[in-house]
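Coordinates in review
Read off the chains here:
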Amino acid sequence: MTDRSEIGQALGRLLGPAEPEVGCDVCFDELDRYVELELAGRDVDAEIPGLRAHLAGCPACREEHDSLYALLSA
Amino acid sequence: MSILEVGTVKAVEPAVPLVAAPPPPPFDLESHEWLRTLRADGATRDAAIARLHTLLLGAARFEISRRRHTMRHLRGNELEDIAAEAAADATLSVLRRLDDFRGASRFTTWAYKFALLEAAVKLRKRAWQGREVPLEPDDWDIFSSTALGPDAASEQRELLAAVQTAVAEALTPHQRSVLVALAVNGVPIDVLAERLSTNRGALYKTLHDARRKLRAHLVERGFALADRLEAE
Ligand SMILES: [Zn+2]
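What counts and what doesn't
The numbers attached to residues start from 1 for each chain and follow its sequence in the written order. Each chain takes a letter, starting from A, and each ligand takes a number, starting from 1, following the order in which they are written. Reporting of local features is limited, given that this is a predicted model, to residues whose pLDDT is at least 70; pairs of side-chain atoms are given and counted only at 80 or more, and all residues count toward the totals for whole chains, interfaces and linings. Processing note: side-chain calculations cover all non-hydrogen atoms of the structure and skip hydrogens and water entirely. Secondary structure elements follow DSSP: runs of H or I of four or more residues count as helices, runs of E of two or more count as strands, with numbering from the N terminus. Two residues qualify as a contact provided that any one of their heavy atoms is within 4.5 Å of a heavy atom in the partner residue. Positive charges come from Lys and Arg alone, negative charges from Asp and Glu alone, with His and the N- and C-terminal ends not counted. Throughout, a charge is located at the NZ atom of Lys, the CZ atom of Arg, the CG atom of Asp or the CD atom of Glu. For every residue, the accessible area obtained with a 1.4 Å probe (protein chains only) is divided by the maximum for its type, and the residue is called buried under 20%, exposed over 50%, and partly exposed between those limits. Accessible surface is computed with a 1.4 Å probe, and the buried area is the amount of it that two parts give up when combined, taken over both parts together. A pair is scored as a salt bridge if a Lys or Arg side-chain nitrogen falls within 4 Å of a carboxyl oxygen belonging to Asp or Glu. Domain delimitation follows an automatic or database domain assignment. For this classification, the nonpolar set comprises Ala, Val, Leu, Ile, Met, Phe, Trp, Tyr, Cys and Pro, the charged set comprises Asp, Glu, Lys and Arg, and every other residue, Gly included, is treated as polar. The rule for donors is simple: N, O or S, within 2.8 Å of the metal, or within 3.2 Å if the metal is Na, K or Ca. Water isn't counted, so a site may look like it is missing partners. Irregular is the label for any site that misses the other tests, which are tetrahedral for four donors with all angles between 85 and 135 degrees, and square planar for four donors or octahedral for six when opposite donors exceed 155 degrees and the remaining angles lie between 65 and 115. A helix's residues, less one, multiplied by 1.5 Å, set its expected span.

Brief notes about the overall build of chain A
In terms of regular secondary structure, chain A is built from five helices and zero strands. Put simply, chain A runs from its N terminus to its C terminus through helices and strands in the order α-α-α-α-α. Principal-axis analysis of the C-alpha atoms gives chain A an extent of 40 × 30 × 20 Å. For chain A, the proportion of contacts with a sequence separation of at least 24, taken over those separated by at least 6, is 64%. Side-chain charges of chain A comprise 6 positive and 16 negative groups, with the mean position of each set lying 6 Å from the other.

Shown next as structure tokens:
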């Protein structure tokens, strides 16, 4: 049975993030700095605005972010 | 007329002395050493490229081991071939873009992302190789009212119906195809880019525009989206 959260996720994939976001090219350019700032516990949203929103809206960039984060944490 | 064209001595001499652009952040020693050796000649450069390739092969293998469970049909040697290709392509990308490295991160972090990207793209393409890329909604089930349990609130049913209407009416055919492929059918963006002979950045722009239109369409019809859809 489809539940509310599943529907919410499907709607989220369709409608994407509400906030302003960067595109895939800027995301790739900034990804290394973003992940190092994250690992240093810095306020990444303030330092690189729009990238977190892009990661929420773009599954491919999200995967690449998660992999870089995992690799640097390994 | 700009202030510099007014003609008085005062106007053409800036009150604050012009300063050169701030120097780039100093590279950490290890990053500096990577750049120095990769830009050197002969044996020093060859050795640095070999070290870089080894580093990137490790990153490509890391990516592949993370995604192994989604690639069960691939044998170990096929996965190793993908890792080798990804490492070779990433090494070339890094060497080509060496001047783009500004020291905003460690050199190795910057280089890793090329290997992770190459490996991820190759795995996604391999997973979709020979499969038709669906541009029409064949998985609207989740949005049909029969798929909703009895608990689904009527407001949510209304929102779902409105979303379907908006997809059908508010978007151009291209926007609709891209949105459906990426956001409903789960086609990876680089796979779709290859099939449509475009690139990832352009496709994401289309997806982004389509999403803006959907949101605007729904807001016009009185749906409050902000409080409902932000949670990931
Ligand atoms: Zn992206």
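Next comes the rest of the write-up.
A closer look at helix H2 (residues 29-38) of chain B
Within the sequence span of H2(B), burial applies to Ser31(B), Trp34(B), Leu35(B), Thr37(B) and Leu38(B). As for H2(B), its buried residues are in contact with helix H3 (42-67), helix H4 (76-96) and helix H5 (107-128) of chain B.

Describing the interface of chain A and chain B
It is common to give the size of an interface as the accessible area lost on bringing the parts into contact. Listed as interface residues are 42 residues of chain A and, on the opposing side, 48 residues of chain B. Summing both sides of the interface, chain A and chain B together bury roughly 4,000 Å²; the carbon and sulfur share of this comes to 61%. Applying the counting criterion to the chain A and chain B interface returns seven salt bridges. We note a salt bridge from Arg124(B) to Glu64(A), for which the minimum N-O separation is 2.6 Å.

Focus: the domain arrangement of chain B
All names here are of chain B. Each domain of chain B was delimited in the assignment, giving domain 1 (29-127) and domain 2 (140-230). A separation of 35 Å is found between the C-alpha centroids of domain 1 and domain 2. Each side of the interface is counted separately: domain 1 has four residues, and domain 2 has five residues. Interface area for domain 1 against domain 2, summed over the two sides, is near 400 Å², with a carbon-plus-sulfur share of 57%. On the domain 1 side of the contact with domain 2, Val121, Arg124 and Lys125 bury the most area, a combined 91% of that side's loss. At the boundary of domain 1 with domain 2, the tally comes to two salt bridges. Between Arg124 and Asp190 there is a salt bridge, with its nearest N and O atoms 2.8 Å apart. The residue inventory of the side of domain 1 that touches domain 2, partitioned by class, reads two nonpolar, no polar and two charged.

Re the coordination of the zinc ion
Residue and element names in this part refer to chain A. Within the first shell, the zinc ion binds the protein through Cys24 (SG), His54 (NE2), Cys58 (SG) and Cys61 (SG), at distances of 2.0 to 2.3 Å. Each of the four donor atoms around the zinc ion contributes to a set of angles spanning 104 to 117°, which defines the coordination as tetrahedral. Donor residues for the zinc ion, ordered by position in the chain, follow C-x29-H-x3-C-x2-C. Note that Cys24 is positioned in helix H2 (residues 24-39) and Cys58 in the loop between helix H4 (51-57) and helix H5 (59-73), a separation of 34 residues in sequence. In this pair, the class of Cys24 matches that of Cys58, namely buried.

Some remarks on the side chain of Ser93(B)
Residues and elements named next belong to chain B. Here Ser93 shows up in helix H4. Residue Ser93 is classed as buried on the basis of its relative accessible area, which comes to 12%. Every residue in contact with Ser93, bar those within four places of it in the chain, is listed here: Phe114 and Glu118.

Points about H3(B)
Compared with an ideal rise of 1.5 Å per residue, which puts 26 residues at 38 Å, H3(B) spans 38 Å between its outermost C-alpha atoms and is within 8% of the ideal. When we look at burial in H3(B), the residues that qualify are Ala48(B), Ile49(B), Leu52(B), Leu55(B), Leu56(B), Leu57(B), Ala59(B), Ala60(B), Glu63(B), Ile64(B) and Arg67(B). Considering only its buried residues, H3(B) is in contact with H5 of chain A together with H2, H4 and H5 of chain B.

Brief notes about the pattern of salt bridges
One pass over the structure, following the stated rule, counts 25 salt bridges over all chains. As a salt-bridge pair, Arg67(B) and Glu63(A) come within 3.7 Å of each other at their nearest N and O atoms. On the criterion of chain membership, the pair formed by Arg67(B) in helix H3 and Glu63(A) in helix H5 is interchain, its members lying in two chains. Here the salt bridges do not stand alone but share partners, grouping Glu63(A), Glu64(A), Glu63(B), Arg67(B), Arg124(B), Asp190(B) and Arg200(B) into one network.

Considerations on unusual backbone geometry
Of note in this structure, Ser197(B) is not a glycine but carries a positive phi near 55°. For Ser197(B), the location among the structural elements is in the loop between helix H8 (189-195) and helix H9 (200-220).

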